[in-house]
Amino acid sequence: MSLQSRKRLTHFPARTNFVPVERRSRVAYLLNVIKPVLTLLVLFTMISGTAPALAKSPFGHFHRGAGKAINTQDKIATIATTVAGDLLWEDTVDLSGDYDAAFDVAVEGTRAFVVGAATPSGSSCPGEAPGNCDFYVRAYDLSTGTLLWEDSVDRVGGTDVAYYVAVNNGTVVVSGVVDSDGTCSSFTASGNCDFYVRAYDGATGTVLWEDQVDIAGGFDFARATIGGGWVYAIGWVTTADGDDDILVRAYNAATGALQWQDQYDQGGREVPWDVVVRGNRLYVSGSVSGDATCVPYPFAGNCDAFVRAYHAPSGTVLWSAQRDLAGGFDEFRAIAVAAGRVYVTGTAAADASCDPYNGTGNCNFYVQAYDAFTGAALWDDQFDVAGSDDEAISIGTANGRVYASGWGSDASGNPDFLVRAYDGATGTALWTDLTDTGAGGYDAAFDLKVRGERVFAVGGGPDFQVRAYDGATGTLVWEDQVVDAGGFGFAGAVAVGAGKVIAVGYGYTEAAGNFDFLVRTYDAH
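Residues numbered from 1 in each chain as written. Predicted model: local features only at pLDDT ≥ 70, side-chain atom pairs only at ≥ 80, totals over all residues. Heavy atoms only, no water.

*Asks:* A description of the overall build of the protein should follow, citing residues and the corresponding values.
*Replies:* If you tally the helices and strands in the protein, you get one helix and 37 strands. Looking at the 525 residues of the protein, the share that counts as buried comes to 62%. If you take every contact in the protein between residues at least 6 apart in sequence, the share linking residues at least 24 apart comes to 58%. Total accessible area computed for the protein in this model is approximately 16,700 Å², and 49% of it derives from carbon and sulfur atoms. (Helix = DSSP H or I, 4+ residues; strand = E, 2+ residues; numbered from the N terminus. Buried < 20%, exposed > 50% of the residue type's maximum accessible area, 1.4 Å probe, protein only. Contact = heavy atoms within 4.5 Å. Areas by Shrake-Rupley, 256 points an atom, 1.4 Å probe, with all protein chains shown as cover.)

What follows is the structure, encoded as structure tokens:
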């Protein structure tokens, strides 16, 4: 894969697409600033030209049709640097000339852990249909990029994917799906996929324990976090009657022993999206049925945004909140907890036309704040760029501010990378950045992390994108836009630690017809 970076500067001139919101009305803001740009469905758009079509899995990741064979490569390049935003090292992995992709990253101390999917030599992972992808984990020295250990899981020669990773006190927890019988397609939420959690010793890669759950021979999926000596995993699980339930399981982090479990069914289609533990409280977000029309994937009907708080040691439910804004599709995605408040991002239907799967109707970028102890609603923001499809999918907090990222759409179909900052106490919008790279496709901010007064947001469309902001003002400090010659790229997750920013995703090489697992690490200061 031939890569080049462009547009990386340490200082940027004033930009017309950066607007401190102050007390200006939303109408004036939309008319004067956003009008020339935006639109999406980054999640469900089709790449133009000869590249294969991209579609979105239920978990925010792209897939495509069958690839073409090229030579295997696993390359780590190290670049000396002393400047903020400069590339320190990168790693690209191509096991078989087919589908290899990095989906999540976590950092602790001097180590970085990156997870995703890798296609073994001689196999194919077509995405839309079952194929042979392996659940894949790589551990790096954060300073040098040296590979410390790696692991892959292949249950039955089918679709096994590591979507999420978390680390605490040297224990690494990786979660996602494994194939039960060769029919699993995690990219389309179909077939017999099993809920899967796997714990490692972060220093050695030794497997400590694993848990595989098959509720009723249907689609089951896991996302796990770790804290306080416990692992908490949420699951989207399918019952024998075809309903979707929210499954929450708590394990002893050292042994994997199950402490408690909650399977929540509101009588329809219930799906979780994020899980966060803070002290002795656990928070879970997602969507639940507003009525019988709700279809959580592919995102249709009257689904309600949902968040629930548990007493983490016992599993006792402390409070739940459910929002139905306009009788359409509403959901909560990412969670952040700070200063006695729970903040969640997601989609809010402006009316019943909201259809995020097809990128049609009026869906709003949505941020909601709750009292962390009582569940009382404190404030919300439903940001409507231009009466089209907008969504907030990531969130972070620092210094009394809340930062949300995602995308916004205008009527023309051109999407923008969107980051928005709020006063955490009042919900007042402090600044908004809408970025159109002009690279000939969509732009979307899929993840962000905050450290001190720096906000780091990553995303894609046509290019792998990393942007660093001053958290107080929204000024762009540096950016990196990676162009895969003759293809496109995507950054889906970011982590920050030890003065470094590590962004992960994949690059697509059009001439070869394949995706490569891609990791890039920058100087954060």
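Past the structure itself, the notes keep going.
*Asks:* Give a description of the side chain of Arg 138 that names residues and reports values.
*Replies:* Along the chain, the position of Arg 138 falls in strand E9 (residues 134–141). Since its relative accessible area comes to 0%, Arg 138 is described here as buried. A polar contact of 3.0 Å, which involves the side chain of Arg 138, links it to the side chain of Asp 91. (Polar contact = N/O pair within 3.5 Å; in protein donor to acceptor, adjacent residues only side chain to side chain.)

*Asks:* Could you give an account of the nonpolar core, with specific residues and numbers?
*Replies:* A general feature of soluble globular proteins is that nonpolar side chains tend to end up buried together. If you look at the biggest cluster of nonpolar residues, it comprises 36 residues, and the most contacted ones within it are Tyr 99, Phe 103, Tyr 163, Phe 187 and Trp 236. The element that contributes the greatest number of residues to this core is strand E11 (residues 161–168), accounting for three residues. (Core = buried A, V, L, I, M, F, W, Y, C linked by side-chain atoms within 4.5 Å.)

*Asks:* How would you sum up the state of the cysteines? Please name residues and give values.
*Replies:* Throughout this description, disulfide means a covalent bond between two cysteine sulfur atoms. This structure, assessed with the given rule, holds three disulfides. There is a disulfide in this structure between Cys 184 and Cys 193, and the S-S distance comes to 2.0 Å. One quick way to see it: the torsion about the S-S bond of Cys 184 and Cys 193 is about 100°, and its sign makes the bridge right-handed. Each member of the pair, Cys 184 as well as Cys 193, is classed as buried. Linked covalently through their sulfurs, Cys 354 and Cys 363 form a disulfide whose S-S length is 2.1 Å. Linking Cys 354 and Cys 363, the disulfide has an S-S dihedral of approximately 110° and is accordingly described as right-handed. Residue classification places Cys 354 among the buried positions, given a relative accessible area of 4%. (Disulfide = S-S within 2.5 Å.)

*Asks:* So what about the sheet that holds strand E20 (residues 281–289)? Which residues, and what values?
*Replies:* Working definition: the strands of a sheet are paired by backbone hydrogen bonds and lie parallel or antiparallel to each other. Spatially, the four strands line up as an open sheet ordered E19-E20-E21-E22, and their pairing is antiparallel. If you trace the sheet from one side to the other, it starts and ends with strand E19 (271–278) and strand E22 (317–323), each paired once. Sheet twist, expressed as the average angle between the axes of neighbouring strands with direction ignored, equals 15°. (Pairing = 2+ DSSP bridges. Axes fitted to C-alpha atoms, helices over the stretch in contact; angles between N-to-C directions.)

*Asks:* I'd love a proper account of the environment of Asp 154, names of residues and values included.
*Replies:* Relative to the helices and strands, Asp 154 is located in the loop between strand E10 (147–153) and E11. Overall, the relative accessible area of 35% leaves Asp 154 in the partly exposed class. Placed 20 residues apart in sequence, Asp 154 and Asp 134 show a C-alpha to C-alpha distance of 5.2 Å. Those residues in contact with Asp 154 that sit more than four places away from it in its chain are Asn 132, Asp 134 and Asp 160.

*Asks:* So, the confidence of the model for the protein: which residues are in play, and what are the values?
*Replies:* Residues of the protein with pLDDT of at least 70 account for 81%, and the chain-wide mean is 82. In the model of the protein, helix H1 (residues 26–34) stands out as the element of lowest mean pLDDT, 25, in contrast to strand E14 (residues 207–213), which has the highest, 98. For residues 1–75, every residue scores under 50 in pLDDT, and the model assigns this stretch 263 contacts once sequence neighbours within four places are set aside. (pLDDT = per-residue confidence, 0-100.)

*Asks:* Summarise the pattern of salt bridges; cite the residues concerned and give the values.
*Replies:* If the charged atoms of two oppositely charged side chains come close together, the side chains can form a pair. Under the counting rule described, the total for this entry stands at 18 salt bridges. We note a salt bridge from Arg 467 to Glu 479, for which the minimum N-O separation is 2.6 Å. Here Arg 467 is found in strand E33 (residues 464–470), whereas its partner Glu 479 is found in strand E34 (residues 476–484), with twelve residues between them in sequence. Like Arg 467, the residue Glu 479 is buried in the burial classification. (Salt bridge = Lys/Arg side-chain N within 4 Å of Asp/Glu carboxyl O.)

*Asks:* Before we move on, can you summarise the sheet that holds strand E17 (residues 244–252) with the specific residues and values?
*Replies:* The strand order across the open sheet built from four strands is E15-E16-E17-E18, with neighbouring strands paired in antiparallel fashion. If you trace the sheet from one side to the other, it starts and ends with strand E15 (221–227) and strand E18 (258–264), each paired once. Taken pair by pair, the neighbouring strands of this sheet meet at an average axis angle of 15°, ignoring direction. Judged from the nine bridges that link them, strand E16 (residues 230–238) and E17 form a sheet pairing that is antiparallel. Note on E17: the bridge partner recorded for Tyr 232 is Ala 250.

*Asks:* So, the pairing of strand E30 (residues 429–435): which residues are in play, and what are the values?
*Replies:* Taken across its seven residues, E30 has six buried, putting it largely inside the fold. Following strand E29 (residues 415–423), the chain reverses through five residues before pairing antiparallel with E30; Gly 427 in that reversal takes a positive phi of roughly 85°.

*Asks:* Please give an account of the side chain of Asp 384 that cites residues and values.
*Replies:* By the element assignment, Asp 384 lies in the loop between strand E26 (377–383) and strand E27 (391–398). A polar contact of 3.3 Å, which involves the side chain of Asp 384, links it to the side chain of Asn 362. Among the polar contacts made by the side chain of Asp 384, one reaches the main-chain amide nitrogen of Ala 386 at a distance of 3.5 Å.

*Asks:* Could you give an account of unusual backbone geometry, with specific residues and numbers?
*Replies:* Positive phi is not limited to glycine here, since Asn 399 has a value of about 55°. Its location among the elements puts Asn 399 in the loop between E27 and strand E28 (401–409). In the Ramachandran plot, Ala 498 falls in the positive-phi region, its phi being about 55° despite a non-glycine side chain. As for its position among the elements, Ala 498 is in the loop between strand E35 (487–497) and strand E36 (500–509). Judged by relative accessible area, which is 55%, Ala 498 ranks as exposed.

*Asks:* Lay out the environment of Ala 421 in plain terms, naming residues and giving numbers.
*Replies:* You can see Ala 421 is positioned in strand E29. Between the C-alpha atoms of Ala 421 and Arg 401, which are 20 residues apart in sequence, the distance is 6.8 Å. With residues up to four places along the chain from it excluded, the contact list for Ala 421 reads Val 402, Tyr 403, Thr 428, Ala 429, Leu 430 and Trp 431.

*Asks:* Pulling in residues and values, what's your account of the environment of Val 197?
*Replies:* Topologically, Val 197 is positioned in strand E13 (residues 193–201). Counting along the chain gives 36 residues from Val 197 to Ala 233, while the straight-line C-alpha distance between them is 7.7 Å. If near-sequence neighbours (up to four positions away) are discounted, Val 197 is found in contact with Val 173, Val 174, Ser 175, Trp 209, Glu 210, Asp 211, Ala 222, Ala 224, Val 231, Ala 233 and Tyr 251.

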